[in-house]
Amino acid sequence: MKAFYINNIDVEILLKAINECKGDVFLLTEEGDRFNLKSKLSQMMGIMTLIKGGMVCNAKIYCKNPDDESMLFRLNLFGNIEEIEDYI
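Rules behind the numbers
Residues numbered from 1 in each chain as written. Predicted model: local features only at pLDDT ≥ 70, side-chain atom pairs only at ≥ 80, totals over all residues. Heavy atoms only, no water. pLDDT = per-residue confidence, 0-100. Helix = DSSP H or I, 4+ residues; strand = E, 2+ residues; numbered from the N terminus. Pairing = 2+ DSSP bridges. Contact = heavy atoms within 4.5 Å. Axes fitted to C-alpha atoms, helices over the stretch in contact; angles between N-to-C directions. Parallel < 35°, antiparallel > 145°, perpendicular 65-115°, else oblique. Left-handed = near helix turned anticlockwise from the far one by under 90°. Nonpolar A, V, L, I, M, F, W, Y, C, P; charged D, E, K, R; others polar.

Per-residue confidence for the chain gives a mean pLDDT of 81, with 81% of residues at or over 70. The secondary-structure element of the chain with the lowest mean pLDDT is strand 5 (residues 55–56), recorded at 60, while strand 3 (residues 34–36) shows the highest, at 92.

Set out below in structure tokens:
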């Protein structure tokens, strides 16, 4: 299983991206908790677990769909990903 750490990510942008994912997306915490972020209830619990005392805790994201993994990894790495028109 491949997973990547998330850091310094805007939670609102992350949730919007997760809603666009085709497969299941899991938040994995250091305590061993697993939250399926495609579920709204799990999103609330996962985000509450992720942000403790105003600090973002270490957590990993695991995607069942490789395309989702690629998109969320780029989002984590570069921030908001936008499509732009090709002016060339």
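Quick look at the sheet that holds strand 6 (residues 59–63) now. The 4 strands lie next to each other as 1-6-2-3, forming an open sheet whose pairing is antiparallel. Sheet topology places strand 1 (4–5) and strand 3 at the edges, where each strand pairs with a single neighbour. Bridge analysis of strand 2 (residues 25–29) against strand 6 gives 5 bridges, and the strand direction is antiparallel. Across the sheet, F26 pairs through a bridge with Y62, a residue of strand 6. Its contacts with the sheet place helix 2 (residues 40–50) against strand 2, strand 3 and strand 6, and it is angled at close to 140 degrees to strand 3.

Moving on to the packing of helix 1 (residues 11–20) against helix 3 (residues 66–78). Geometry of a packed helix pair, given as the angle between the helix axes and the separation of the axes. At a minimum axis distance of 10 Å, the contact between helix 1 and helix 3 shows a crossing angle of 165 degrees. Comparing their axes, helix 3 and helix 1 come out roughly antiparallel. Helix-helix and strand crossings are classified by hand; for helix 1 and helix 3 the assignment is right-handed. Between helix 1, through I13, L14, A17 and I18, and helix 3, the contact on the second element is made entirely by M71, L72 and L75. Here the contact of helix 1 with helix 3 is built from residues that sort into 7 nonpolar, no polar and no charged.

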